[in-house]
Amino acid sequence: MKKLARIGVLTGGGDCPGLNAVIRVVTKTAINKLGLEVLGIEDGFLGLIRNRMHPLTIPDVSNILHLGGTILGTSNKANPAHFATGKDADGKPVFEDVTDRVLEHVHEREIDALICIGGDGTMSGAANLVRHGIPCIGVPKTIDNDLMHTDLTFGFSTAVQTATECIDRIRTTAASHHRVMIVELMGRNAGWLTMSAGLASGADVILIPEIPYDLDSICQTCEGRSKRGKRYTIIAVSEGARPHGGQQVVSKVVHDSPDPIRLGGVAKVLAEEIAARSGLECRATNLGHVQRGGTPIAFDRVLATRFGHQAIQMLAMSDGINKLAVIEEGRLGMAPIEEVADQQRLMQADDPLIATARALDTCLGD
Ligand code: F6P
């Protein structure tokens, strides 16, 4: 690889707490330790497609460590290989490969390498650029914690904390009104967030996408609790959960997104079904984007900072290019970006978190 002089940094996909912590450490260490210039690319890959980027200096990244969101902006619709450029006569989006535009802008701006902070969709965008000869380094973010090759993504632990606090608040209403309270969490097709927040908040029922649920089993748990004098039940359900032989609930189809399905609404469906079958009073709460917002907890600030530092160190390693910074069994490492692109790391049946929930007699819906 040619000697580095200037790098670009972008944040792609859904925002999450800790993005600014990565931007800060990447910018500071690239400038101070490697003598590089840093360009901040606006709104993820959209900034590369539209040639929107600006220099990042040390003052630009001062006082942002604790801030949620991303000072660079993001987009979860801008994969250059599959980008909606317009609409056809029926109003359907027309997708084109606009990678050439990106390559032109990367060369025009003299960017020698890109730091791509994101999830599997962002790594798919990065893998495409790698195939076109642009050196990339990935940093793993997502509240879903579903990236391959890493035990943890930054943002996840803050989302677990936020969701746990929300469920704690819902518990007081559940207890006061003797209700079944069904709380829906994000996570797409992975149950990490729901399982972790469910365990942390002592949920009585935890439903995740990896374990299809049976309504009878859930109702038995709620009714059994009632009979034993526990007059309320907390159910933590993942947006991707589905009944045996049934489908996930889709809240929205974002037609101009490369990954168009948005899940959501299963808590409401469950509330109606459980009420109809058991006669118990049920309420549904969808925690939604609250889970992605707010200031990162200290753990995520440290993890994001370690990942960003690792990414800059990887720039200087002969085998560090075109890899994702990862953490496995507490140790930082790296994995090929193309092995992470468009892949999802789901919970396995023998996961220790699932075993722990079962040991507590938590109903997992099966
Ligand atoms: O991947 C992060 C995530 O928050 C998922 O948990 C959720 O399914 C999705 O993004 C929501 O996307 P959007 O912000 O486009 O509604």
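Residues numbered from 1 in each chain as written. Predicted model: local features only at pLDDT ≥ 70, side-chain atom pairs only at ≥ 80, totals over all residues. Heavy atoms only, no water.

Enquirer: What should I look at first to understand the site of the ligand in this one?
Expert: Inspection of the region around the ligand gives Asn76, Ile143, Asp144, Met186, Gly187, Arg188, Glu239, Arg262, His289 and Arg292 as its neighbouring residues. At a separation of 3.1 Å, an oxygen atom of the ligand approaches a polar side-chain atom of Asn76. Measuring from an oxygen atom of the ligand, one finds a side-chain N or O atom of Asp144 at 2.6 Å. In isolation the ligand offers 400 Å² of accessible surface; the protein chains occlude 81% of this area. Among the residues making up the shell around the ligand, the classes are represented as two nonpolar, three polar and five charged. Lining the shell around the ligand are residues from two domains, each supplying at least three of them: domain 1 (6–154 + 296–339) and domain 2 (158–292). (Near = heavy atom within 4 Å. Polar contact = N/O pair within 3.5 Å; in protein donor to acceptor, adjacent residues only side chain to side chain. Areas by Shrake-Rupley, 256 points an atom, 1.4 Å probe, with all protein chains shown as cover. Nonpolar A, V, L, I, M, F, W, Y, C, P; charged D, E, K, R; others polar. Domains from an automatic or database assignment.)

Enquirer: In this structure, what is going on with the sheet that holds strand E9 (residues 205–207)? I would like to understand it.
Expert: Note on sheets: strands pair through backbone hydrogen bonds, and any given pair is parallel or antiparallel. Reading across from one edge, E9-E10-E8-E13 is the order of the four strands in this open sheet, with parallel pairing throughout. Lying at the two open borders of the sheet, with one neighbouring strand each, are E9 and strand E13 (282–286). For this sheet, the mean angle separating the axes of adjacent strands, direction not counted, is 15°. As judged from the six bridges shared by strand E8 (residues 180–185) and strand E10 (residues 233–238), these two strands associate in the parallel manner. By the bridge assignment, Val183 is partnered in E10 with Ala236. The strands that helix H5 (residues 156–177) touches are E8, E10 and E13; relative to E8, the one it contacts most, it runs at about 165°. Across the sheet, helix H8 (residues 266–278) lies against E8, E9, E10 and E13, angled at about 175° from E13, the strand it touches most. (Pairing = 2+ DSSP bridges. Helix = DSSP H or I, 4+ residues; strand = E, 2+ residues; numbered from the N terminus. Axes fitted to C-alpha atoms, helices over the stretch in contact; angles between N-to-C directions. Contact = heavy atoms within 4.5 Å.)

Enquirer: Sorry, what's going on with the pattern of salt bridges here?
Expert: Side-chain pairs of opposite charge can arise where the charged atoms are in close proximity. Taken as a whole and assessed by the stated rule, the structure comprises 15 salt bridges. Arg6 serves as the salt-bridge partner of Glu37, at 2.9 Å between the closest nitrogen and oxygen. Taken together, the residues Glu37 in strand E2 (residues 37–41) and Arg6 in strand E1 (residues 6–11) connect sequence positions 31 residues apart. For Arg188, the salt bridge is made with Asp146, and the minimal N-O distance between the two is 2.8 Å. Here the residue Arg188 occupies a position in the loop between E8 and helix H6 (192–200), and Asp146 occupies one in the loop between strand E7 (136–140) and H5, the gap between them amounting to 42 residues. No difference in accessibility class separates Arg188 from Asp146, as the two residues are buried. When salt bridges with common partners are traced through the structure, they connect Asp120, Asp144, Asp146, Arg188 and Asp259 into a single cluster. (Salt bridge = Lys/Arg side-chain N within 4 Å of Asp/Glu carboxyl O. Buried < 20%, exposed > 50% of the residue type's maximum accessible area, 1.4 Å probe, protein only.)

Enquirer: Before we go on, may I ask you to explain the packing of aromatic side chains in this structure?
Expert: Any two aromatic rings considered together are summarised by their centre-to-centre distance and by the angle between their planes. For the coordinates displayed, the defined rule picks out zero aromatic pairs. Residue placement shows Arg225 over the ring face of Tyr232; its charged tip is 5.6 Å from the ring centre. (Phe/Tyr/Trp six-rings, centres within 6.5 Å; stacked < 30°, edge-to-face > 60°. Lys NZ or Arg CZ within 6 Å of the ring centre and 35° of its normal.)

Enquirer: Would you mind showing me how to read the pairing of E8 here?
Expert: Taken residue by residue, a regular strand's side chains alternate between the two faces of the sheet. Along E8, six of the six residues are buried, which leaves the element largely enclosed by surrounding structure. Sheet analysis places E8 next to E13, joined by five bridges and oriented parallel. Looking at the pairing, Val183 lines up with Thr285 of E13.

Enquirer: Just to check I follow, could you spell out the domain arrangement of the protein chain for this structure?
Expert: Much of the literature gives interface size as the accessible area that the parts lose upon coming together. Segmentation of the protein chain into domains returns domain 1 (6–154 + 296–339) and domain 2 (158–292). With centres defined by C-alpha atoms, the gap from domain 1 to domain 2 works out at 32 Å. In total, domain 1 and domain 2 occlude about 1,600 Å² of area from one another, counting both sides; carbon and sulfur atoms represent 55% of this. Sorting the residues of domain 1 by area buried against domain 2 places Lys77, Ile143 and Asp144 first, and these three jointly supply 36% of that buried surface. Our count for the contact surface shared by domain 1 and domain 2 stands at five salt bridges. Counting across the interface, domain 1 meets domain 2 through 10 residue pairs in polar contact (both at pLDDT 80 or more). Here the residues of the side of domain 1 that touches domain 2 sort into eight nonpolar, five polar and six charged. (Buried area = accessible area lost by both parts, 1.4 Å probe.)

Enquirer: What am I meant to see in the sheet that holds E2 here?
Expert: Taken in spatial order, the seven strands of this open sheet run E3-E2-E1-E6-E7-E14-E15, and their pairing is mixed. At either end of the open sheet lies a strand with only one pairing partner, and these are strand E3 (53–56) and strand E15 (331–336). Strand-to-strand twist of the sheet, defined as the mean angle between neighbouring strand axes without regard to direction, takes the value 30°. Bridging between strand E14 (residues 323–328) and E15 involves six bridges; their strand directions are antiparallel. Paired with Val326 across the two strands is Gly333, which belongs to E15. Here helix H1 (residues 19–32) sits on the sheet and contacts E1, E2, E3, strand E6 (113–118) and E7; the angle it forms with E1, its principal contact strand, is near 175°.

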